[in-house]
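Here are the chains, one letter per residue:
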Amino acid sequence: MAQLSYVSGSVGLITLQNPPVNVLSAATRQGIMESMKKALNDPKVKSVVICGQNGVFCAGADIKEFGPNISGPSIVPLIYDIEVANKPVVAAIEGSALGGGLELALTCHYRIAHSKTRLGLPEVTLGLLPGAGGTQLLPRLIGIPASLELITTGRHITAAEALQLGLVDHVTQSDTVDSAVKFALSVEGEPLDSRRISKRPCPHLPDLDAVFEAVMQKVRQKFYGAIAPIACVQAVRAAATLPFSEGMKREQQLMSTLFTSGQARALQYSFFAQRAVGRWSMPSGASWNTSKARPVHRAAVLGLGTMGRGITVALAQAGVSVVAVEIQEKQLNEAREHVYATLERGAQQSGVSPSCANITYSHDIQAVADVDLVIEAVLEDLSLKEKVFQQLSAICKPGTLLCSNTSSLDLNCLASQTKNPELVVGMHFFAPAHVMKLLEVVYGSKSSPEAVATAMQLGKKMGKISVAVGNCRGFVGNRMLKPYIEQSYFLLEEGATPELVDKALEEFGFPMGVFRMSDLSGLDVGWRVRKEDGLAEPVGTSGQITRLRGGRRYSPLGDILCEHGRFGQKTGLGWYQYGRPGGRVAKSDPWVFNLLEEYRARLGLTARPIDQQEVLERCLYSLINEGLCILEEGFASSPEDIDVIYVFGYGWPKHRGGPMFYASMVGLATVLERLDHYYRSNPDVPSLKPCKLLRQLVASGSPPVHKWKEITKKIQNRL
Ligand code: NAI
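Only a predicted model underlies this, so the values are computations on that prediction, with no experimental measurement involved.

Enquirer: Sorry, what's going on with the overall build of the chain here?
Expert: Tallying secondary structure elements over the chain gives 28 helices and 19 strands in all. In summary, the chain has a C-alpha radius of gyration of 29 Å against a globular reference of 27 Å for 719 residues, a match within 12%. Oriented by its inertia axes, the alpha-carbon framework of the chain measures out at about 95 × 60 × 55 Å. By the burial criterion, 56% of the 719 residues in the chain qualify as buried. For the chain, the proportion of contacts with a sequence separation of at least 24, taken over those separated by at least 6, is 72%. Distance from the positive charge centre (75 side chains) to the negative charge centre (68 side chains) of the chain: 3 Å.

Enquirer: How do you make sense of the packing of helix α5 (residues 144-153) against helix α9 (residues 228-241) when you look at a structure like this?
Expert: In the contact formed by α5 and α9, the axes pass within 9 Å of each other and the chain directions differ by 155°. Put simply, α5 runs roughly antiparallel to α9. Of the two elements, α5 crosses α9, and the hand of that crossing is right-handed. Residues I144, L148, I151 and T152 of α5 pack against P229, C232, V233, V236 and A240 of α9. The class makeup of the residues in the contact of α5 with α9 is 8 nonpolar, 1 polar and no charged.

Enquirer: Before we go on, may I ask you to explain the site of the ligand in this structure?
Expert: Surveying the vicinity of the ligand reveals 22 residues, the closest of which are M307, E326, Q331, E380 and K385. Within the backbone of M307, a nitrogen or oxygen atom sits 2.8 Å from an oxygen atom of the ligand. Contacts to the ligand include E380, whose side-chain N or O atom sits 2.5 Å from an oxygen atom. About the coverage of the ligand: the protein hides 80% of its 820 Å² of free accessible area. The element best represented in the shell around the ligand is helix α14 (residues 382-395), accounting for 3 residues.

Enquirer: It is not clear to me how helix α27 (residues 692-699) should be interpreted in this structure. Could you clarify?
Expert: Structurally, the α-helix is built with 3.6 residues per turn, so residues lying three or four positions apart point the same way. Regarding α27, the residues found buried are L693, L694 and L697. Projection of α27 onto a plane perpendicular to its axis shows the buried side chains occupying an angular sector of 100°, all on one side. G701 occupies a position one or two residues after α27 and carries a positive phi of about 85°.

Enquirer: Would you explain the domain arrangement of the chain in this entry?
Expert: Frequently, the measure chosen for interface size is the accessible area removed from exposure when the parts meet. Domain annotation of the chain identifies domain 1 (2-122 + 140-201), domain 2 (291-473), domain 3 (496-603) and domain 4 (612-712). The interface is formed by 13 residues belonging to domain 2 together with 8 residues belonging to domain 4. When the area that domain 2 buries against domain 4 is broken down by residue, the three leading residues are L438, V467 and C472, summing to 39%. Taken together, domain 2 and domain 4 are joined by 0 salt bridges. There are 1 residue pair in polar contact (both at pLDDT 80 or more) connecting domain 2 and domain 4. Among the secondary structure elements, those contributing two or more residues to the side of domain 2 that touches domain 4 are β16 (438-443) and β17 (465-470). If one sorts the elements of the side of domain 2 that touches domain 4 by residue count, β17 sits on top with 5 residues. Looking at the side of domain 2 that touches domain 4 residue by residue, the classes come out as 9 nonpolar, 2 polar and 2 charged.

Enquirer: Even after reading the chapter, I still don't get the sheet that holds strand β2 (residues 11-16), so can you show me in this structure?
Expert: Sheets are built from strands paired through backbone hydrogen bonds, the pairs being either parallel or antiparallel. Pairing in this open sheet of 6 strands is mixed, and the strands run β1-β2-β3-β4-β6-β9 from one edge to the other. Of all strands in the sheet, those with a lone pairing partner are β1 (2-7) and β9 (170-172), marking the two edges. With direction set aside, neighbouring strand axes in the sheet form an average angle of 25°. Across 6 bridges, β1 lies against β2 in antiparallel orientation. Paired with S5 across the strands is L13, a residue of β2. Against the sheet, helix α7 (residues 176-187) contacts β1, β2, β3 (47-52), β4 (89-93), β6 (110-114) and β9, and its axis sits at roughly 155° relative to β6.

Enquirer: Please explain the UniProt feature "domain: 3-hydroxyacyl-CoA dehydrogenase C-terminal" (unreviewed entry) in the chain as it appears in this structure.
Expert: Annotation from UniProt places "domain: 3-hydroxyacyl-CoA dehydrogenase C-terminal" (unreviewed entry) at residues 474-578 and 615-705. Structurally, residues 615-705 comprises 66% helix and 0% strand, and the distance from its first C-alpha atom to its last is 25 Å.

Enquirer: Can you walk me through the packing of helix α4 (residues 134-142) against α5 in this structure?
Expert: Relative placement of two packed helices is described by the angle separating their axes and the distance separating the axes. Between α4 and α5, the least distance of the axes is 7 Å, while the angle of their chain directions is 140°. Relative to α5, the element α4 lies oblique. Our pair here, α4 against α5, has a crossing hand that is right-handed. Where α4 approaches α5, its residues G134, T135, L138, P139 and I142 are matched on the opposing element by I144, A146, S147, L150 and I151. Taken together, the residues that form the contact of α4 with α5 break down as 7 nonpolar, 3 polar and no charged.

Enquirer: Help me out: how do you make sense of helix α2 (residues 75-84) in this one?
Expert: Every buried residue belonging to α2 is among I75, V76, L78, I79, I82 and E83, and all of these are buried. On an axial view of α2, the arc spanned by its buried residues comes to 160°, and they lie on one face. At its buried positions, α2 is contacted by α1 (26-41), β3, β4, α3 (100-107), α4 and α10 (244-259).

The rules behind each value
Residues numbered from 1 in each chain as written. Predicted model: local features only at pLDDT ≥ 70, side-chain atom pairs only at ≥ 80, totals over all residues. Heavy atoms only, no water. Helix = DSSP H or I, 4+ residues; strand = E, 2+ residues; numbered from the N terminus. Rg over C-alpha atoms; globule rule 2.2 N^0.38 Å. Buried < 20%, exposed > 50% of the residue type's maximum accessible area, 1.4 Å probe, protein only. Contact = heavy atoms within 4.5 Å. Lys, Arg positive; Asp, Glu negative; His and termini not counted. Charge placed at Lys NZ, Arg CZ, Asp CG, Glu CD. Axes fitted to C-alpha atoms, helices over the stretch in contact; angles between N-to-C directions. Parallel < 35°, antiparallel > 145°, perpendicular 65-115°, else oblique. Left-handed = near helix turned anticlockwise from the far one by under 90°. Nonpolar A, V, L, I, M, F, W, Y, C, P; charged D, E, K, R; others polar. Near = heavy atom within 4 Å. Polar contact = N/O pair within 3.5 Å; in protein donor to acceptor, adjacent residues only side chain to side chain. Areas by Shrake-Rupley, 256 points an atom, 1.4 Å probe, with all protein chains shown as cover. Arc of directions from axis to C-beta. Domains from an automatic or database assignment. Buried area = accessible area lost by both parts, 1.4 Å probe. Salt bridge = Lys/Arg side-chain N within 4 Å of Asp/Glu carboxyl O. Pairing = 2+ DSSP bridges. UniProt positions renumbered as here; feature names shortened; annotations may be inferred.

See the structure below:
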C-alpha cells in the first residue's frame, strides 16, 4: 500500500497506493513505516519524497477503521519517525491532503503543493479532532488564530491560501512529484532542526486567554451541543500552553473521549448516509445502477419568485444554461437583478467569474421550447400548475423532462396533464434554493427511472444532496413535520408557551424551535393549505371553538393568529413580536400569553406544568413515528434517506445523526413505550399511535439502523 522507489540517484520516493484516495488504512500505515525505515537505512538515499498515486496525496484516515481499538500500527509513532529522520523528507501534495493526510504532510520537513490541491483538517465534522498531532503541529506552524479557525470548522483551503498561511513552502503549477524531487535534491545535507515543527514554540499571542474564551463562546453558539469543536479548542489550547509531548498526551485524551461519544458515531453514520442516498431505488426495483441519466445542457425555470430565483442561481452556478420565465414584468425585472447580484456575490466569495452569460430571461412560456428540462416554480395552486403542465407538454420538444418544485401537491395530477407522464418528476428544493443542500427528487406512479436518474444527477451537479422519495402528501420532509408542529400546538393548549417549546428544541440542537421556525417561514402558508383542506374555520373572538376534525384532534391556534394578521416575521408579529415587518429578533409577546389564557378559558382547559422532556418526547417521537410510517409504506427506501433529509433540509442536529438514527440511540423500545403512553391519554391524536414497523422492529430485538431494510422489505411485500 506504499512503495519505495529510487529516483534521481539519491531520492527515495515513497508512493501511497491505496486507491481511490490513498486513505491511511492499517496496511498503508504499515507500508509507509516499512518504506521509511528502508529509505533511512539505505546509505544511497540522501532525501525522501512522499507522494500519493493517481494525483491524490492522501484523503486522511480510513473511516471504516474508526473506533477505540484500531488495528495495525498507530499513526502517531509513525509521524514521530518521519519528523526525527536525519534526511530531509518532502511531501509532494496534489489532489487533496485532508485529515491524517495533512498531518502526515505536517511531519515532513518540507511541503510542496500543486496549485489545485485542497487541504484541511475535517475531523471535527466526524465528531473527532485531528488526533495524529494535527492540533499540536498546526498552531506551531501557522499560529493559534488561523489553526483554531481551520480545526474547529474543518474548512478545506486552497493551495494559495495554504501558502499565504505558511502551511506549505511552495506551490507549483507543474508536475508536483518532479518539483518535490528537485527540491529534495536541493536541500540534501542541510540541517533539519528548524524544519521539525514539534521543536518550535507556538507563536506568542499576547491576549491568549481572551482569544480562547472568545473562540470557545463562538464555537458553543455556532455548533450548539456538539462536543468535538470544544475538544478541538481545548487541544489547541494545550498546544499553546504545554510542551509538545504534554500537548500530544492531552490530544490523545480528548480524542479517546470523542471516539467513545455517541456524537462521533452519529456524525460518521451521517457521513456514510450521505453517500448511501446516491444509491437510490424505486419500489419498481429500478435503481441508480440500472438507470441512465440524460445530459442536461439547457434548462428552464418557470416562475421567478422566491424559489425560481434561487433555482436559477444554482443552475447557472452549475454551468447549466438557463431560460428563466416569469409572467409578471415587475417580478421578471426584480428577478433579473436579484439573480445577477447573487451570482456576483457568490463569484466574489469563491474567486471565480459570475455565470450570468448563461441565463436568458423571458415573459413568454414559448421560450422553453428547446430546453432539455423544465423546473416549474409557479405559485402553489393546483389548477394553475395543471394548466402550466398542459402548456409545457404542448410546447417542449419531445423528451423534455418536466419537473415541479411543488412542496405539497400530488405529482400524479400534474403528470396526468401531460402527453408523457413518465417524463414528470418532482424536484423539491428548499429555500433559499441556491444555499440549501437538500433536494427531494419525487417520483410519481408513472415517472420513468431515467427521469429520476436525470433529476438526481442534475441535483448532484448543482451541489445538492439529492434523495429520491415517493409521492405522498408532503413527500418525506414536510409530511414528518406535520405531527411535530401539531404536537407543539397541543402543548400550548395544555399549558406550554412558545418559549418553553422552542427552548427545549433549541437545546436539543435545532437552530430554531418550531415556533421561531414557523414565524420565519410564514404562518399564512400552512393556513392557506388548511383552509383548502377544509380544516381551518373562522374562530372569531366569541364563537364556539371546535377541536375535532373528522374525529381527530385539531388545534385552531395557528388559524387564530392568522385571523389577527399575524403571519410571522413578514408582518412583524407571529408567535413572537419582531418590532417591525421583516424584523428578525424574536421577543416574547404578552399578547400571545393572553391569547393562550383566553383560549384555554374558552375551552375549559386547565394549564398544567410541562417539562422539556415531555416537549421533546411528544414533538420528536411523533415525527419519528411518521418517518417510520413512511418507511413502512415505501415512500422512502431507507432510514438513511430520512435522516439525510432531516439533517440537510430541516436543521436536525447533525451530531444526532437524524431522526431514525436518534430513535435507535434512544432505544426503539423506549420510543414505542412513550408513544403508547401518550396515545393512551390522547386517543384522538392518531399521529401518536405507534406504527406497525416500530412494533415489528422492537419485536425483532431493535436492530441497528442499517439492518432495518430486512424488516421494511417484509412489511412492504405484505402490503
Ligand atoms: P412565489 O409566489 O414567490 O413565486 C411564484 C412566481 O410564479 C411569481 O413570481 C408568479 O408571478 C410566477 N408565476 C405565476 N404563474 C406563472 C406562469 N404561468 N408562468 C410563469 N410564472 C408564473 O412562490 P414561491 O415561494 O417561489 O413558490 C413556488 C413553488 O415552490 C410553489 O410550488 C411552492 O410550494 C414551492 N416551494 C416553496 C418554498 C418556499 O419556501 N417558498 C420551498 C419549497 C417549495
